[in-house]
Structure formats: C-alpha cells, structure tokens
Amino acid sequence: MNNQNKRKIEENTEDSKQFGKLIFFIVLSVFVLIIFRFFYVGIFHRADGVNLRQKVEQLYAKRTEIRAKRGTIYDANDQVIAEDTTTYSVYVVLSKEARTFDGKPAYLKASEKDKAAKILSENLGASYSKIKKILSPKDPDVYQVELGSAGKNISLETKKRIQAAHITGIDFTPSEARLYPNGTFASHLIGLAENENGKLLGIMGIEKNYNSELAGQNGVKSEQTDIEGTKLPWTKAVARPVKNGDNVYTTLDGHLQNYLGTLMTKADEAYHPRNMDAVLMNAKTGEIIAATQRPTFNAQTRVGLNNSWTNTLTESTYEPGSCMKIFSMAAAINSGIYNPNATFESGEYNIDGAYVYDWDRNWGPITYRQAFIRSSNVGMAHLEQQMGAKRWLRYLKSFGFLKAVNGPGLGTEASGAIGYKYPIDQANTAYGQSIDVTVMQMMQGFSMLANNGEMVQPRLIKKIVNPNTGKTVYRSKRKVVGHPVTASTVKQVLGMMQDVITDPNGTGQAYKINGYNVGVKTGTAQIANSNGGGYLTGDMNYIFSVAGVAPLNDPKYVLYITMQQPQTFGNEGAATKALATVFNPMMKQALQDDSSNGSNQNNKVPNVKELSIATAKQELEKTGANVIVCGNGVKINQQSVAAGQTIMKGSKVILVTNGAKTIPDMTGWSRNDVSNLANMLGIKVHFDGTGFVKSQSVSPNTVVTKNQQVNIALQ
C-alpha cells in the first residue's frame, strides 16, 4: 500500500515537472515573440500594416489651409465692380440653458425682446411685427432662431450697429461672400458668385465664365508639433503657397454705365415694357462701354433676380425689324443694284400671292433713298428681290448673323435662326422679319459703320492680371471678323442714316442732338405669336428700336436700344420719342466725355452774341470749334450752338453777323449742318443724293437774297 502511494506521488511529481517545463517554454516563446515584435516595430515602424511613424506624425502634425482671395472685377477706370468680403448671418439664442463660460446668461431675455425686435427691424429692413413673431416661437423649447433672408449676408457695418445695442443672445455666423458695391451695374454681364460649401463659385456672367481664373488656389502649411502645439525643432515645415485669383478688368466705363442704368430705369418705370436692352459700344475697337437690360437685378441684395435670370443681351433672340435695313441697304449698294433716284410703287408688294406692306400705304411712287428714310418695307423687299436670295443670304452671313459672336466676356450666346424657304420669307428678312438675331450680333454688324466696312468683334474683357506677380496674363485685342462692304458703301449708308433725322419724311427726327452730327435707323418689329402661327396684334405688341452712330464725320460710338411691348408711351406719345429719352442724353454724354478726355480745353460754348467777329472767333476757338462766319457785318447776331452747350473738338459753330448775310463754302458739310445754316439764313435748300456736300448751286460768299434757294448735291 505504501509502495503504491509512493508510486503515485512520483508520477504526479513527474507530471508537474513536465507541465512546468511546458509553461516555461510557452512563457519563453511569448517573451521571444514580444522581443522580436519590439525590435521589428522599432526597426521597421510598422504594426498590422500600419505605418506607425506616419501615424505619429499625423497625430502631432498641424495642417493649416490658407484661403485664396477671389479675383476682383474692375471697370475700365480701375474701379471695383466685384470683390471678396465677409458677410454675416444673424441668429438669436432663446434657450435659458445658454450660458457663458463663467455662467452668465447668453440668451435673449424676455424683457429685451421688444428692444431686440426694434433694433433688428431697423437694421435688417424687416418689419418689427415679423421679427417679434420669430423671437416668440410657440415651442418654448426652441434653442435658437434665424431671421430668414433678411438676416443673411449682412455687412460688417450692419453687424456693428446691431452689436452696439449690447443685447445678449444676438449672435452672428461669418461667411465668405462677394461684394457688389454698385448694386445694379450690368448685372447680367458681370454675374454672381455665391458661397457653396464654404467656397465662392461663379453662377452667372463673368463670375461664371471666368470662374477658374478668378478662383485662385488655396495654400497649405504643414508642420510637426509636440502635444502642446509647439513646433518640433528637428522637423521642417512643408508649405504650398496660396495663389490668389486673377483680377479681371472689363471695358465698361463706370460713369457711362451708371448713367445708362439711370436712364433705362426711368424709361422702365415710365413705359413699363416687357423688356428693354441697351448697348453703347466703341465701334472702332469693339469695346462695350455700357450695357444693361430691364428687368434686371441688384447683385448685392439679389432683389429682382428671381424674375430676371436670362441675359437678354446675348442669350435671347428676336426679329429686329427695320434696323435690319442698315444691312439690306448696304448689301444693295455694295452689290451694285441700288439706284438712289430710281422709283417704285410703295404701299404693298405682291410676292407669289403673299403681300409685303408699308406702315403708311399712301406715299405712292418714291425713290429707294426715300425707302430707307421713310422705312419702307416694300422698298427693301424690292431690293432683296433684285439682289437675289442666294446673294442676300451670303451678305447676311458675312454680316455675322446666324452664328455666335464669341467675344471675350460675353459668355453663353444664342446663334439665331432664319426662315428662308419661300420668296416671301426671303423678302421679309430684308426688313428684319423671318430672321432671329441677338443684340450682340447686331452690334457686331453695326461696327462696319465706324471702320469703312470692316467689322470688329464686340468684347467685354480688357485684360486679366495675376495679382501674385503683377503680370498681365491676358489682354484682349481688336479683332477683325469680316469686311462685308466697301468704305464707299458705308459712306452712303451713313448719309442716309443722317437723312433719317434731318429729312422732313425721316422717321428719326426725335433723335436730333443739337451740336452733334448723329445718324440713326429706327425699327418696329412684329412679334411672333407663341401660341400659333402669325404675329401678335395690337398697337403695343412690337419691338421698337433705334440704332445710332456718332459723330458722323468719323463714327466712333454705336448706341442700340430695343423696347419690347411697352404698356404706354407716357407723355412722349410715340415710340421714337420714348426711346429718345434714353438715346439722346446717353449719346450726348458719351460724346461730351470723349471730347473732355481728348482735350484739356473747355468745350462749353460761350455766348458770343454782340461780340465782334474777331473776339467771337477767338472765344469759340478756345473750345476747339470750327467757326464759320456768314455775313458782312461787324457784330454777331446768331450762333448755331446755344451758349452753355458742350461740343466736341472740331464741331461746326455757325455765326451770322448783323450785316448782309452770305452763303459759305459748304463742301464736305453734313446734311444736318446745311439744314442748320438754312434755318439761320432763312434760305430754301434742295438736296440731291445722300451723304455729304459735293457741290452747291450758289458760289461761296454770295449775299443771300429774298426767297433764296440753294441746290445741294450730296455724295
């Protein structure tokens, strides 16, 4: 028994030894693995596929993103149109649980709600009752409230005024925004940039079309720090420099743009048209000096934006009406089929059973020159038929119609369309029906009038400058896009455009501007019925327009205005007079500004009546005037330009003395100049031809007799 127990004890002891050895080797193996793991991690800095060095660096890395400044948009005089700013949104904390770190209330107290509503309504332009209602929600557990659109995108100045009231609970959230200091200023062309996900993004106009240039590139700065944020001395900072967005300089003249906007707003309020467009262009270079449309919107406040998304200057097409006769007459002259003295029977014209009608059917036989002056559709249809459909279509395309202009800064454009299947459609296009155009296509075509038949591309961008280097990265240039007609053709067309104002039968007499030689063409276009075939009816269902150039002796400016479906003509009583309320002061201002910029002389005409001839001439020549004296007297009785008016350098000022009146040499004079002289001298004038004076039937310095008549040949 004892031996048996002894044997069991020995067996158990042996098992314990074996188990102990097993445990020892397991522990040793684990220890070896740990040591191996330790050395592996220490040498390779990796564990479970993770780069531990990189993780540690990330843990103690400080990465800062440096926001790029969006480029600024300027006018032609380097005045800001759009620039970066910070705006704020207002919110009001109502929960009594809101406290500061030191336990003070950080909510709007009930006793201050009236005061808060008053301060907020005064500064945000919202009603007191509306804000008071927002500050008193039905749910008592509401933590905070916002104030709707009135409380968004407010300026720093507004924020400071609200803060000055020292009302707890009113707080602000800052955000990156775009500032448009001029409000309504070529809004559709300049466009908008809005904050989307913390980044400004252009959504229309130049802001959208040049978004990549304006946006720039954010910078980044990365460095290694310890747990307290101090830079580790043995590490290097890694940085990517910020690249601010490029600055865009437009061709818009801020002074003229604001003036055009003011005139258009007055017209919009007076006549209530469905749409109005106006563009002033330096036709020699293609630079858009001023352009606007109505309805429009305020880029800063967004007022009007919901009703005015389309840029009608480039994206909308329309039938232009009789302003198209500038092109059809130019084509007829250039193709050799125009005879100014040839006559036709006006009123109506049958083309394969379809009729073309004049707005006045009682003229009887008239000349083709009178067809342009009186704006005869029948006359233009005859000229188109004589040219032939194929040749006229080639001219239309050479004038730039049926394709986008693609001028720098113009953005999205429509191409236009034409109905040209039947002879009546082809004839209709000669007076601006059955063809759809854009405003900018018309402006491009009109540019030939200032360049001896050479056509230049309209452009809105002057240059783009990198603010980081100061270098100009892009500069637009005058671009010739065609030469559809000759200089001789243009001269004849300009003469007829002058006649539209000065001829007794002209449709543009309302556009006469004293002291300046201006030529125009008026237009009245029918509007296609969107609900079916044909055109709308009614006295106001038209697009009324005027296209004008000045000064006629060396055209520089083209001004084009359209007005669609006005509700009234107000006190003016007619479309031409209504459009003249915009055209005349705008063109005059452009010419006056041009004269002032081109000379340091005072161009305001003095009163020279009763002065001696020598003194009067001396005073007028200080203004740069071309002085013409008519008469054998010693003192001045009349002057063609009233005292106080501003004239361009080189403009004619006719003086009539107190003695016998004489007829001057009128070679090279415009029809308008001759008409002014005739009124001053009391003589009758008969004009033959168009353009400028080639010859006169009475010799220069001849004394005027009673019932004197002078025959003037124009060319």
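For the structure given in this document, a descriptive report is provided here. (Residues numbered from 1 in each chain as written. Predicted model: local features only at pLDDT ≥ 70, side-chain atom pairs only at ≥ 80, totals over all residues. Heavy atoms only, no water.)

1. As for the packing of aromatic side chains
Under the criterion given, the structure shown has twelve aromatic pairs. With a centroid separation of 5.1 Å and 50° between ring planes, the pair formed by phenylalanine 327 and phenylalanine 399 is classed as tilted. Taken together, the residues span a long stretch of sequence, with phenylalanine 327 in helix 10 (residues 325-335) and phenylalanine 399 in the loop between helix 13 (389-398) and strand 19 (417-418) at a distance of 72 residues. Each member of the pair, phenylalanine 327 as well as phenylalanine 399, carries the same accessibility label: buried. An aromatic cluster is present here, built from Phe327, Tyr395, Phe399, Phe401, Phe446 and Tyr560 joined pairwise through their rings. Positioned above the aromatic ring of phenylalanine 172 is the side chain of lysine 159, whose terminal nitrogen or guanidinium carbon lies 5.5 Å from the ring centre. A cation over an aromatic ring shows up here: lysine 521 above the ring of phenylalanine 372, its NZ or CZ 5.7 Å from the ring centre. (Phe/Tyr/Trp six-rings, centres within 6.5 Å; stacked < 30°, edge-to-face > 60°. Helix = DSSP H or I, 4+ residues; strand = E, 2+ residues; numbered from the N terminus. Buried < 20%, exposed > 50% of the residue type's maximum accessible area, 1.4 Å probe, protein only. Lys NZ or Arg CZ within 6 Å of the ring centre and 35° of its normal.)

2. A word on the layout of surface pockets
Here the largest pocket is characterised by a volume of approximately 680 Å³. What lines the largest pocket is a set of 25 residues, among which Ser322, Trp359, Asn377, Thr524 and Tyr542 lie closest to the centre. Those elements that place two or more of their residues in the lining of the largest pocket are strand 17 (354-357), strand 25 (519-526), strand 26 (542-550) and helix 17 (575-598). Residue composition of the lining of the largest pocket, grouped by class: ten nonpolar, 13 polar and two charged. (1 Å grid on protein atoms, 1.4 Å probe; cavity = no way out; pocket = protein on both sides within 12 Å on 5 of 7 lines; lining within 4 Å. Points joined across faces, edges and corners; volume = space filled by probe spheres on them. Nonpolar A, V, L, I, M, F, W, Y, C, P; charged D, E, K, R; others polar.)

3. As for the pattern of salt bridges
According to the stated counting rule, one finds 13 salt bridges in the structure shown. One salt bridge connects lysine 556 with aspartate 594, and the closest N-O pair in it is separated by 2.4 Å. A residue pair is termed long-range when its members are at least 10 positions apart, and lysine 556 in the loop between strand 26 and strand 27 (557-564) and aspartate 594 in helix 17 qualify at 38 residues. The class for lysine 556 is partly exposed, based on a relative accessible area of 22%. Residues glutamate 619 and lysine 622 are paired through a salt bridge, measuring 3.4 Å at the closest nitrogen-oxygen approach. Bridged by salt links that share partners, the residues Arg70, Asp84, Arg178 and Glu207 form one connected network. (Salt bridge = Lys/Arg side-chain N within 4 Å of Asp/Glu carboxyl O.)

4. A few points about unusual backbone geometry
Backbone torsion omega between arginine 294 and proline 295 reads 5°, so that peptide bond is classified as cis. Along the chain, the position of proline 295 falls in the loop between strand 14 (287-294) and helix 10. Here alanine 550 and proline 551 are connected by a cis peptide whose omega angle stands at -15°. The backbone phi angle of aspartate 78 is positive, close to 65°, even though this residue is not glycine. Among the secondary structure elements, aspartate 78 is positioned in the loop between strand 4 (73-74) and strand 5 (80-93). Relative accessible area serves as the criterion here: at 46%, aspartate 78 is assigned to the partly exposed category.

5. Looking at the nonpolar core
Nonpolar side chains in soluble globular proteins generally cluster together in the buried interior. Residues Phe399, Phe446 and Phe583 are the most contacted members of the largest nonpolar core, which totals 127 residues. Examining the composition of this core, we find that ten residues originate from one element, helix 17, more than from any other. Grouped together as the second largest cluster of nonpolar side chains are 21 residues, Val92, Ala126, Leu135 and Ile167 included. (Core = buried A, V, L, I, M, F, W, Y, C linked by side-chain atoms within 4.5 Å.)

6. Describing the side chain of threonine 438
Along the polypeptide, threonine 438 turns up in the loop between strand 20 (435-436) and helix 15 (439-446). For threonine 438, a relative accessible area of 0% corresponds to the buried category. Residues within four places of threonine 438 in sequence aside, it is in contact with Leu313, Thr314, Ser316, Thr317, Tyr318 and Ala414. (Contact = heavy atoms within 4.5 Å.)

7. Points about the packing of helix 10 against helix 13
For the pair helix 10 and helix 13, the least separation of the axes is 10 Å and the interaxial angle reads 120°. The pairing of helix 10 with helix 13 is recorded here as oblique in orientation. In the crossing of helix 10 with helix 13, the sense of the turn from one axis to the other is right-handed. Across the interface between the two elements, Phe327, Ser328, Ala331, Asn334 and Ser335 from helix 10 touch Arg391, Trp392 and Tyr395 from helix 13. Residues that form the contact of helix 10 with helix 13 fall into these classes: four nonpolar, three polar and one charged. (Axes fitted to C-alpha atoms, helices over the stretch in contact; angles between N-to-C directions. Parallel < 35°, antiparallel > 145°, perpendicular 65-115°, else oblique. Left-handed = near helix turned anticlockwise from the far one by under 90°.)

8. Structural notes on the sheet that holds strand 32 (residues 684-688)
In space, the three strands of this open sheet follow the order 32-35-33, with mixed pairing throughout. Looking at strand neighbours, the two that pair on one side only are strand 32 and strand 33 (693-696), the edges of this open sheet. On average, each strand axis in the sheet is tilted by 30° relative to the strand beside it, whichever way the strands run. In this structure, strand 33 lies alongside strand 35 (residues 709-714), joined through three bridges in antiparallel fashion. The partner of serine 695 across the bridge, within strand 35, is alanine 713. (Pairing = 2+ DSSP bridges.)

9. Considering the environment of threonine 168
Inspection of the secondary structure assignment puts threonine 168 in the loop between helix 5 (156-163) and strand 7 (170-179). Each C-alpha atom of the pair threonine 168 and proline 105 lies 7.6 Å from the other, and the pair is 63 residues apart in sequence. The contact partners of threonine 168, leaving out residues within four places of it in the chain, are Pro105, Tyr107, Leu108 and Glu112.

10. Quick notes on helix 12 (residues 377-387)
Of all eleven residues that make up helix 12, nine are buried, and the element is covered over most of its length. Listed in full, the buried residues belonging to helix 12 are Asn377, Val378, Gly379, Met380, Ala381, His382, Leu383, Glu384 and Met387. The residue sitting at the N-terminus of helix 12 and contributing the capping side-chain oxygen is serine 376; that oxygen lies 3.4 Å from the backbone nitrogen of valine 378. (Polar contact = N/O pair within 3.5 Å; in protein donor to acceptor, adjacent residues only side chain to side chain.)

11. A short note on the packing of helix 3 (residues 113-124) against helix 5
Viewed as axis vectors pointing N to C, helix 3 and helix 5 meet at an angle of 160°, and their least axial separation amounts to 10 Å. Looking at the two axes, helix 3 sits roughly antiparallel to helix 5. Relative to helix 5, the crossing made by helix 3 is right-handed. Across from Ile119, Leu120, Asn123 and Leu124 in helix 3, the residues of helix 5 making contact are Thr158, Arg161 and Ile162. Classifying every residue of the contact of helix 3 with helix 5 by side-chain character gives four nonpolar, two polar and one charged.

These values are about where atoms sit, not about what they do.
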